[in-house]
Structures are given as C-alpha cells and as structure tokens.
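What follows is each chain in one-letter form.
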Amino acid sequence: MEGDKHFFEQYELDTARGQLRRSGEPIHVEPRALDLLCHLVRHRDRVVPKCELLDEVWGDRFVSEAALTTALRTARLAVGDTGRAQRVIRTVHRRGYQFVASPVSADGAAAHQGAGRGPASAVGPGDAAHQTIRYCRANDGARIAYASVGSGPPLLKAANWMTHLDLEWTTPLWSHWLSGLARRRRLIRYDERGCGLSDWQVPGFSFDHWVDDLETVVDAAGIDRFPLLGVSQGGAVAIAYAVRHPERVSRLILAGAYARGRQVRALGTDEAREAALDLDLARVGWIHQDPRFLRVFASQFLPEGTPADWEAFTAFQRQTTSPANGVRFLEEFARIDVSGIADRVTCPTLIVHSRDDERVPMSQASELAALIPDSRLVLLKSRNHLLAAHEPAWDEFLAHVDAFLAE
C-alpha cells in the first residue's frame, strides 16, 4: 500500500483518482460502487457500519438499503468477489462490512501469508483478463467476436441481445452468469452481429444470419459436439441450430426463451395492436435515447431490481449497440418463429423460465415444452427475465443446469 494507491491480489485501487485497475488494465465500475470500495479500503482496519457507508457514498440523498446492497454487489464483482466467497469484502452480521483482502506491494509480492485467490476452479469477474477474445468472419464478411473462459468440457452459449464480451464482467446484469456457467467448464460465447465487440454495421440483420453466425463460431472454436445454451431470443437461434446440426448438439438448455415473437403470437386485433404499439414505443425510445423509456425497458427485464439496477442496465445497454441497431433488433425479435421446426429437435432439452416473467410470458415456455419431444420444463419463482445474482431462483437455475449436464 502506498499513499492513495492500494494494491491487493491483481488489483490496484487509486482512491484519490477513483480508478481501479487489474493487472494494469482499467476496470469500469459504477461510481457509487467505486466510492463504496474506496471508503472500505481507506478504513480497512475496522468494520464500517451500514449507516456510515450510506452517509459517505450517498450524502444527504435518501436511499434504501437495497441501493447499498446493489452497490456492494457491484463492488464485489469488480474485484472478483461474491457475497458467498467474501474474499475481498466481508459482511459482519448486524455490524457492517470490512475490506479483508491481503495487501501486496506495488511489485505484486504478498505482504503476508494468506494473500491469495479463490479456488482454482472458480471463475469470477476478475477473470475477464484471462478470457481469450478472437474474431471470425461470417459468409457475408461480418466480423463476429467470440470468447472462451474457464476449463473443462465445453458449454456454448448462443448469442442474445445486449451483450458485450468485455463489459459483461463488470455489470450485475451478466457477471454472475459468466462465473456460474464457467464453473468446471469452458464457456464459449459470442456477441451477435450489430452488438458488443462484433461489427455493428453489417450487410444482413436477419434471424437466418444469426443462425449462420452461430455456425461460424462453432467452426472457429473447433468444437465437435457440445451442449448449447440459448437465453431469451438466443433460445430460438439455438433451436434452429440444433435442428440444422443434430449431430453436434448433445444437450439443449433454453432460458427465458420463446418460439414465436410478439407479433407472430398475437391473437386477435387487440393483441396485434398492443404488439405494434410496444414496437412503436421502442422505436421512439431507442432512436431518441429517451431515459424514461430506457428505464421502463430495464424494469421489464428486471422488475424485481432496484433503481440502481435499472440505471446500471440502462448504462450497459447504451454501450452494447447503436440506437438504430436497437430498433432493428426489436423489429426482428417480434418476427421470430421457430414453432414449425421445434419438434425436430432430437437432443434432450431443459427449458427453464421465470414463472412471472414480465418480458416473455410463461406460456411461451409451455409452448416450447409441448413442441420439443425430449424436453422437461422447470419454472422458477421470479419475475425477472434475466435472473439476478441475489435471488434464490439463480442458485436453483445453476443447480438444474449442473444436474442436467451431468446426466
């Protein structure tokens, strides 16, 4: 530790400048979470009460403890920690929190024994620097970015919207998905065209292009037979790929997925009008980057989230794609329809869905379970479209995935 610069594990925190680095590379952290981390590091010799953190980080602004919990979770994720591991920030029941990571010198030498990392098999947000990002080219020339992290048997995640291979490690929206899915596995994922680190300006932007891109990534990654995960609209892409290549997909996992987009599944005039209105509002919100719309959009994905969660979601979605592409994605999602081919999936399939999902209704999971022959349906107690790290449904989801892949 030296002045305002604090060294621990692979991290360097400059409390004066408000900068966090890992192995020399800057890490973006939400400002409140960074302020919280800085205060804990400055007072690492004691347990810091919750009330003190609320006063120091938020000042005179009144916020609930939920905001503190969200900021704490984000701070932990930024330094490769979790509420379960508590390797860097420890929760002291009914008292507060304490920074407990062992300090190291500027050259990386541990100040005392015990300065270490989590289990070798664990993968956390700090492992973003250890992932390998590569590029491949689709048939039409579009560059597709893909990444691999962890070790063990492969698990391939089909792309879905609002991803960013690098920034996902620092957002509470996706970081726990990465660490959870990469436990004891080699997780391979990619940003779909128009999104994240893949090309944003591309010749084609259709569902068939998404399936073609998945084929390209599989070939580039050099995997022959593997389990395939599809989240949200990525589930339809995964289904189409599994039908095209039954010899390559050993098992299929669908999370928050659907067979038919909103315009396709609309029944009657009223539902068709609602679907059209939803799309019109999305166009206006994305084109003008209207914060009111973006906040409502975030709350549809995370209805059980806090205002801080929604702010983080909104900030992340702005970084993943352009407003024009955001509209194109939503238009294409509404037209998705794999209901005519889903019955041709031949591998065992696990369908997991939030019982009260406000973005994709549970009826869509039931439809998938009825269409796919060798499938099983698991409903989780949640309203979130993307499961959050702190809710019990997230641990249940991982347990079901682990058990399914171990069969």
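Predicted model, so just to flag it, every value in this text is computed and none were measured. (Residues numbered from 1 in each chain as written. Predicted model: local features only at pLDDT ≥ 70, side-chain atom pairs only at ≥ 80, totals over all residues. Heavy atoms only, no water.)

### Things to note about the overall build of the protein chain
Here is step 1: Regarding its fold elements, the protein chain presents 13 helices and 15 strands.
Here is step 2: Relative to a compact globule of 407 residues, whose C-alpha radius of gyration would be 22 Å, the protein chain shows 22 Å and is just as compact.
Here is step 3: Considering only C-alpha atoms, the protein chain reaches an extent of 65 × 45 × 40 Å along its principal axes.
Here is step 4: Residues counted as buried form 54% of the 407 residues belonging to the protein chain.
Here is step 5: A separation threshold of at least 6 residues defines the contact pool for the protein chain, and within that pool the share at least 24 residues apart is 69%.
Here is step 6: Put simply, the protein chain shows about 17,600 Å² of open surface, and 49% of that area lies on carbon and sulfur atoms.
Here is step 7: Within the protein chain, the 53 negative side-chain charges are centred at a point lying 3 Å from the centre of the 48 positive side-chain charges. (Helix = DSSP H or I, 4+ residues; strand = E, 2+ residues; numbered from the N terminus. Rg over C-alpha atoms; globule rule 2.2 N^0.38 Å. Buried < 20%, exposed > 50% of the residue type's maximum accessible area, 1.4 Å probe, protein only. Contact = heavy atoms within 4.5 Å. Areas by Shrake-Rupley, 256 points an atom, 1.4 Å probe, with all protein chains shown as cover. Lys, Arg positive; Asp, Glu negative; His and termini not counted. Charge placed at Lys NZ, Arg CZ, Asp CG, Glu CD.)

### Remarks on the nonpolar core
Here is step 1: Judged by nonpolar contacts, the single largest core of 92 residues is most densely connected at L228 and F397.
Here is step 2: Element by element, the count of residues in this core is highest for helix 6 (residues 234-244), at eight residues.
Here is step 3: When near neighbours in sequence (up to four residues on either side) are disregarded, L228 contacts L156, A158, L214, A238, Y241, V249, R251, L252 and I253.
Here is step 4: Among the nonpolar cores identified, the runner-up in size contains 31 residues, and L34, L40, V88 and I89 belong to it. (Core = buried A, V, L, I, M, F, W, Y, C linked by side-chain atoms within 4.5 Å.)

### Looking at the packing of aromatic side chains
Here is step 1: Inspection of every chain in the model, using the stated rule, returns 15 aromatic pairs.
Here is step 2: Taken together through their ring pairs, the aromatic side chains of W161, F205, F207, W210, F329 and F333 make up a single cluster.
Here is step 3: Directly above the ring of W174 sits K157, whose terminal nitrogen or CZ lies 5.0 Å from the centroid.
Here is step 4: Seen from the ring of Y258, R265 lies directly overhead, with NZ or CZ sitting 5.8 Å from the centre. (Phe/Tyr/Trp six-rings, centres within 6.5 Å; stacked < 30°, edge-to-face > 60°. Lys NZ or Arg CZ within 6 Å of the ring centre and 35° of its normal.)

### A few points about empty space enclosed by the protein
Here is step 1: Counting across every chain of the model gives three cavities of 30 Å³ or more.
Here is step 2: Taken as a whole, the largest cavity encloses approximately 120 Å³ of empty space.
Here is step 3: In this structure, the largest cavity is lined by 15 residues; those nearest its centre are R73, P172, L173, L302 and D309.
Here is step 4: The greatest single-element share of the lining of the largest cavity, amounting to three residues, is contributed by helix 10 (residues 307-320).
Here is step 5: The space that makes up the second largest cavity amounts to roughly 70 Å³.
Here is step 6: Looking at the second largest cavity, the residues that line it are W177, V231, A255, G256, V352, H353, S354, L380, H385, L386, L387 and F397.
Here is step 7: The greatest single-element share of the lining of the second largest cavity, amounting to three residues, is contributed by strand 14 (residues 349-354).
Here is step 8: A per-class count over the lining of the second largest cavity returns eight nonpolar, four polar and no charged. (1 Å grid on protein atoms, 1.4 Å probe; cavity = no way out; pocket = protein on both sides within 12 Å on 5 of 7 lines; lining within 4 Å. Points joined across faces, edges and corners; volume = space filled by probe spheres on them. Nonpolar A, V, L, I, M, F, W, Y, C, P; charged D, E, K, R; others polar.)

### Comments concerning the environment of D356
Here is step 1: Tracing the chain through its elements places D356 in the loop between strand 14 and helix 12 (362-371).
Here is step 2: Overall, D356 belongs to the partly exposed group, its relative accessible area being 44%.
Here is step 3: With 27 residues separating them along the chain, D356 and R383 place their C-alpha atoms 4.5 Å apart.
Here is step 4: When near neighbours in sequence (up to four residues on either side) are disregarded, D356 contacts S382 and R383.

### Digging into the sheet that holds strand 7 (residues 96-99)
Here is step 1: Here three strands make up an open sheet; going across it, the order is 5-7-6 and the pairing antiparallel. Each edge of the open sheet carries a strand with a single partner, namely strand 5 (48-49) and strand 6 (89-92).
Here is step 2: The pairing of strand 5 with strand 7 spans two bridges and is classified as antiparallel. Residue pairing in the sheet places P49 in a bridge with G96 of strand 7.
Here is step 3: Lying over the sheet, helix 1 (residues 31-42) contacts strand 5, strand 6 and strand 7, oriented at roughly 70 degrees with respect to strand 7.
Here is step 4: In the packing of helix 3 (residues 65-78) onto the sheet, contacts are made with strand 6 and strand 7, and the angle to strand 6 comes to roughly 145 degrees. (Pairing = 2+ DSSP bridges. Axes fitted to C-alpha atoms, helices over the stretch in contact; angles between N-to-C directions.)

### A word on the sheet that holds strand 15 (residues 375-380)
Here is step 1: What the eight strands build is an open sheet, ordered 8-9-11-10-12-13-14-15; its pairing is mixed. The open sheet has two edge strands with one neighbour each: strand 8 (132-137) and strand 15. On average, each strand axis in the sheet is inclined to that of its neighbour by 20 degrees, with strand direction left out of account.
Here is step 2: Pairing analysis gives six bridges linking strand 12 (residues 226-231) to strand 13 (residues 249-255), with the strands arranged parallel. By the bridge assignment for strand 13, V231 is matched with A255.

### A closer look at the layout of surface pockets
Here is step 1: Reported here for the second largest pocket is a volume of approximately 810 Å³.
Here is step 2: Lining the second largest pocket are 41 residues, with R262, R265, D278, Q300 and R359 positioned closest to its centre.
Here is step 3: At the level of elements, helix 7 (262-265), helix 8 (268-287), helix 9 (291-301), helix 11 (323-334) and helix 12 are the ones that each hand at least two residues to the lining of the second largest pocket.
Here is step 4: At nine residues, the largest contribution of residues to the lining of the second largest pocket is made by helix 8.

### Topic: the pattern of salt bridges
Here is step 1: In this structure the tally under the stated criterion is 20 salt bridges.
Here is step 2: R189 is paired through a salt bridge with E168; the nearest N and O atoms lie 3.0 Å apart. With R189 in strand 11 (residues 186-190) and E168 in the loop between strand 10 (154-157) and helix 4 (175-181), the pair connects residues that are 21 residues apart, well separated along the chain. Across the pair, E168 and R189 agree in class, each one buried.
Here is step 3: Salt-bridge contacts for D402 lead to R184; the nearest nitrogen and oxygen are separated by 3.8 Å. Within this pair, whereas D402 is found in helix 13 (residues 392-406), its partner R184 is found in the loop between helix 4 and strand 11, the two being separated by 218 residues in sequence.
Here is step 4: Accessibility expressed as a relative area gives 53% for R184, which makes it exposed. (Salt bridge = Lys/Arg side-chain N within 4 Å of Asp/Glu carboxyl O.)

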